[in-house]
2 protein chains.
Amino acid sequence: MTDALHPFDDAIALEPAGAHRYAGRTTPAYWNMVGPFGGITAATLLQAIMQHPDRLGEPLSLTVNYAGAVAEGPFTVQAVPVRTNRSTQHWTLSITQPGPDGEPVTATTATAVTAARRDTWSDSDTPMPAAPAPDTLEPLGPGLGTAWLDRYDLRPVAGNMPQRWDGSRGEGTLTQLWMRDAPARPLDFCALAALADVFYPRVWLRRALRVPAGTVSLTVYFHAGSAQLQASGAGHVLGQARAQEFRNGFFDQTAQLWNHGGTLLATSHQIVYYKE
Amino acid sequence: MTDALHPFDDAIALEPAGAHRYAGRTTPAYWNMVGPFGGITAATLLQAIMQHPDRLGEPLSLTVNYAGAVAEGPFTVQAVPVRTNRSTQHWTLSITQPGPDGEPVTATTATAVTAARRDTWSDSDTPMPAAPAPDTLEPLGPGLGTAWLDRYDLRPVAGNMPQRWDGSRGEGTLTQLWMRDAPARPLDFCALAALADVFYPRVWLRRALRVPAGTVSLTVYFHAGSAQLQASGAGHVLGQARAQEFRNGFFDQTAQLWNHGGTLLATSHQIVYYKE
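Residues numbered from 1 in each chain as written. Chains lettered and ligands numbered in written order. Predicted model: local features only at pLDDT ≥ 70, side-chain atom pairs only at ≥ 80, totals over all residues. Heavy atoms only, no water.

Per an unreviewed UniProt entry, the recorded name for chain A is Acyl-CoA thioesterase, and the organism is Paracidovorax wautersii.

Here is the structure:
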């Protein structure tokens, strides 16, 4: 008898499908409005790198461009190590699906860098903000309206989603929350990539208006190596996100993610489409 | 009689070389230590998009991965619009050069998104910090040791390069400076992309040690459209940069760039290799 696969591992599962190619498929568990949760798409791309036989080192950076919604069903991930140096390796990636005429349509493009990291002088300029312990805070949901939100244990510290969509202008765009997979699952690079995209659109907080919005491009920098991820276990991660500018249909969001011990695991920047 | 080409325009000049391909070459004016200044490489990639006949809209995001130094001499830029939506267009790009055996070697990979922007509700969460006017401050240099630095008029406001490389730990990593092309040149998307990479390595400021360092991946989000860029004219841009984490050979840097009128033109995030 074996344990059931965690829904996260099920969602990012890939089968080899030729040189640099992997076959995957969407799962209902991480469905968003018109396609999979962007974080699970980022995690799936990274998973192709993690299981690629030629991989050098561990993830350092990942940029995902959401060109179009991934449709329900099968897809192909291509992950090509286009250049391998002594300590860094550069990847180009894509997700394609068959189009109406059978020709592949690009749903997602991405690039990534993996690196063999060395012990060096290290220091942080971004201490974890003070926050009550996660077990003293109420989790959100379940039943928040989209399937993927139920795959996370989210405990808002500050900047929770507005209670009323009354168009009252907010004071800022800072959200802080504890988050982890639900059910709990030991943290790894793929799960961390997905967590970087958990924050709801900053424009909703700022405007108290639930306008259509969607990530166009997401970049994640991994400061943690696998040792720090293992030390994080299945504990909560404190995430913080803030917008810098809203202009003519697009805003940006910077984010930081710390483990419960206060180690900065990842930083992120994304640009997001919004309507009106 | 015609005016001489500005060194920036000379450096990013590209000739069509087949479908989605452009021929360029390095110029001494923007040379760094072992290759061109990373900002001019980013600008050159964006220039391929700007002159591509199929371009939709204006630059929204650009991610450049510096896989290896671009060698002195000719190179090929490939810029492919892999997916065009109603209001966004997704690009994959590369810079290649002939290798020892004649096969193309990838020096740089990149992705970009262009967008047809619409007037919407807009607001800023990042006011320009107070700074003395640029004409009240002394410009750096010339003769700072690398050619490309002489292509910029740089006027430090805070966090200037350490005066002594004595290993004394700094208090933070914030640098603010006014910057513009030298000679002055009206701001455009390509010039703005280059300005996002002007900051010297944060690790030098933090450690007062000039350790080897180089950008691995750079992302720029353009909040300005061409109207805001035109309004910026050839005036100085205030740039601000800060590191968030230094860990095991890599640090990140967030940056913001405002025009002299206080409009946030671009935000940026990069991850940088450092030694020791």
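Once you've had a look at it, read on.
1. What about the overall build of chain A?
When helices and strands are tallied, chain A shows five helices and 13 strands. In terms of C-alpha radius of gyration, chain A reaches 18 Å, essentially the compact-globule figure of 19 Å for 276 residues. The dimensions of chain A, computed from C-alpha atoms along their principal axes, are 50 × 50 × 45 Å. Within the span of chain A, comprising 276 residues, buried residues form 56% of the whole. A separation of at least 24 residues holds for 70% of the contacts in chain A among residues at least 6 apart in sequence. Counting only carbon and sulfur atoms, one obtains 52% of the accessible surface of chain A, whose full area is about 10,900 Å². Within chain A, the 24 negative side-chain charges are centred at a point lying 6 Å from the centre of the 20 positive side-chain charges. (Helix = DSSP H or I, 4+ residues; strand = E, 2+ residues; numbered from the N terminus. Rg over C-alpha atoms; globule rule 2.2 N^0.38 Å. Buried < 20%, exposed > 50% of the residue type's maximum accessible area, 1.4 Å probe, protein only. Contact = heavy atoms within 4.5 Å. Areas by Shrake-Rupley, 256 points an atom, 1.4 Å probe, with all protein chains shown as cover. Lys, Arg positive; Asp, Glu negative; His and termini not counted. Charge placed at Lys NZ, Arg CZ, Asp CG, Glu CD.)

2. Brief notes about the UniProt feature "domain: Acyl-CoA thioesterase-like C-terminal" (unreviewed entry) in chain A
Feature annotation in UniProt assigns "domain: Acyl-CoA thioesterase-like C-terminal" (unreviewed entry) to the following positions: residues 138–273 of chain A. Span residues 138–273 of chain A is 15% helix and 40% strand, its end C-alpha atoms 30 Å apart. (UniProt positions renumbered as here; feature names shortened; annotations may be inferred.)

3. Quick notes on the packing of aromatic side chains
Two numbers describe a pair of aromatic rings. These are the distance of the centres and the angle of the planes. All names here are of chain A. Under the defined criterion, the tally for this structure stands at 28 aromatic pairs over all chains. For the pair Phe246 and Phe251, a centre-to-centre distance of 5.2 Å together with 40° between the ring planes defines the contact as tilted. The burial state of Phe246 is the same as that of Phe251; both residues are buried. Here a set of aromatic residues connected by ring pairs shows up, and it is made of Phe8, Tyr30, Phe37, Trp148 and Tyr152. (Phe/Tyr/Trp six-rings, centres within 6.5 Å; stacked < 30°, edge-to-face > 60°.)

4. Quick look at the relation of the copies chain B and chain A
Mapping between the two copies of the chain is achieved by a rotation about an axis and a shift along the axis. By a simple turn and slide, chain B fits onto chain A: the slide is 0.0 Å along the axis, the RMSD is 0.0 Å, and the turn is 180°. Such values leave the two copies arranged in the relation of a two-fold axis. An overlap of 100% is found between the interface residues of chain B and their copies at the interface of chain A, pointing to a shared contact surface. (Least-squares fit on C-alpha atoms with pLDDT ≥ 70 in both.)

5. Section: the UniProt feature "domain: Acyl-CoA thioesterase-like N-terminal HotDog" (unreviewed entry) in chain A
Within the UniProt annotation, "domain: Acyl-CoA thioesterase-like N-terminal HotDog" (unreviewed entry) is assigned to residues 27–112 of chain A. For residues 27–112 of chain A, the helix share is 15%, the strand share is 47%, and the end-to-end C-alpha distance is 24 Å.

6. Focus: the interface of chain B and chain A
Taken residue by residue, the interface counts 65 residues in chain B and 65 residues in chain A. The junction of chain B with chain A conceals about 5,600 Å² of combined surface from both sides, 51% of it contributed by carbon and sulfur atoms. Together, Trp121(B), Tyr221(B) and Arg247(B) form the three largest contributors to the area buried by chain B at its contact with chain A, with a combined 13%. On inspection of chain B and its partner chain A, the count reaches four salt bridges. Residues Arg206(B) and Asp123(A) are paired through a salt bridge, measuring 3.5 Å at the closest nitrogen-oxygen approach. On the surface where chain B and chain A come into contact, there are 50 residue pairs in polar contact (both at pLDDT 80 or more). Here the element with the most residues in the side of chain B that touches chain A is strand S13 (residues 264–274) of chain B; it accounts for eight residues. Counted by class, the side of chain B that touches chain A contains 21 nonpolar, 30 polar and 14 charged residues. Pairing of strand S11 (residues 237–247) of chain A with strand S7 (residues 123–124) of chain B involves two bridges; the strand directions are antiparallel. Paired with Phe246(A) across the bridge in S7(B) is Asp123(B). (Buried area = accessible area lost by both parts, 1.4 Å probe. Salt bridge = Lys/Arg side-chain N within 4 Å of Asp/Glu carboxyl O. Polar contact = N/O pair within 3.5 Å; in protein donor to acceptor, adjacent residues only side chain to side chain. Nonpolar A, V, L, I, M, F, W, Y, C, P; charged D, E, K, R; others polar. Pairing = 2+ DSSP bridges.)

7. Let's talk about the pattern of salt bridges
If charged atoms from side chains of opposite charge come close, those side chains can pair. Taken as a whole and judged by the stated rule, the model has 14 salt bridges over all chains. For Asp10(B), the salt bridge goes to Arg25(B), with nearest N and O atoms at 2.7 Å. A residue pair is termed long-range when its members are at least 10 positions apart, and Asp10(B) in helix H1 (residues 7–11) and Arg25(B) in strand S2 (residues 21–25) qualify at 15 residues. Salt bridges sharing partners connect three or more residues here, namely Asp9(A), Arg185(A) and Asp188(A).

8. Comments concerning the nonpolar core
With 56 residues, the main nonpolar core has Phe8(B), Tyr30(B) and Tyr152(B) as its most contacted residues. Among residues more than four places away in sequence, those in contact with Tyr152(B) are Phe8(B), Tyr30(B), Phe37(B), Arg180(B), Asp181(B), Ala182(B), Ala194(B), Leu195(B) and Val198(B). Counting 55 residues, the second largest nonpolar core, distinct from the first, contains Trp148(A), Leu192(A), Ala193(A) and Ala224(A). (Core = buried A, V, L, I, M, F, W, Y, C linked by side-chain atoms within 4.5 Å.)

9. Some points on the pairing of strand S9 (residues 175–181) of chain A
Residue and element names in this part refer to chain A. The buried fraction of S9 amounts to six of the seven residues, a majority that puts the element mostly inside the structure. Inspection of the sheet shows strand S8 (residues 152–158) paired to S9 by six bridges, in the antiparallel sense. Bridge pairing in S9 places Asp153 opposite Arg180. When S9 meets S11, the two strands line up antiparallel, connected through five bridges. Looking across to S11, one finds that Gln176 is bridged to Gln240.

10. A short note on the confidence of the model for chain A
In this model, chain A carries an average pLDDT of 95, and 99% of its residues clear a pLDDT of 70 or more. The complex prediction reports pTM at 0.97, with the ipTM value standing at 0.97. (pLDDT = per-residue confidence, 0-100.)

11. So, helix H2 (residues 38–50) of chain A
Residues and elements named next belong to chain A. With 13 residues, H2 extends 18 Å from end C-alpha to end C-alpha; this agrees with the ideal 18 Å at 1.5 Å per step. Buried residues dominate H2, accounting for 12 of its 13 residues. Three or more residues of H2 are buried, namely Gly38, Gly39, Ile40, Thr41, Ala42, Ala43, Thr44, Leu45, Leu46, Gln47, Ala48 and Ile49. (Expected span 1.5 Å × (residues − 1).)

12. Looking at the pairing of strand S4 (residues 74–84) of chain B
Residues and elements named next belong to chain B. Here S2 runs beside S4; their pairing, made up of five bridges, is antiparallel. Following the sheet pairing, Arg25 is matched in S4 by Pro74. One ladder, built from eight bridges, connects S4 with strand S5 (residues 88–98); its direction is antiparallel. Across the sheet, the residue bridging to Val80 is Thr92, located in S5.

13. Remarks on the environment of Asp101(B)
All names here are of chain B. Along the chain, the position of Asp101 falls in the loop between S5 and strand S6 (104–115). Look at Asp101 and you get exposed, because its relative accessible area is 60%. Only 3.1 Å separates the side chain of Asp101 from the backbone nitrogen of Glu103, close enough to count as a polar contact.

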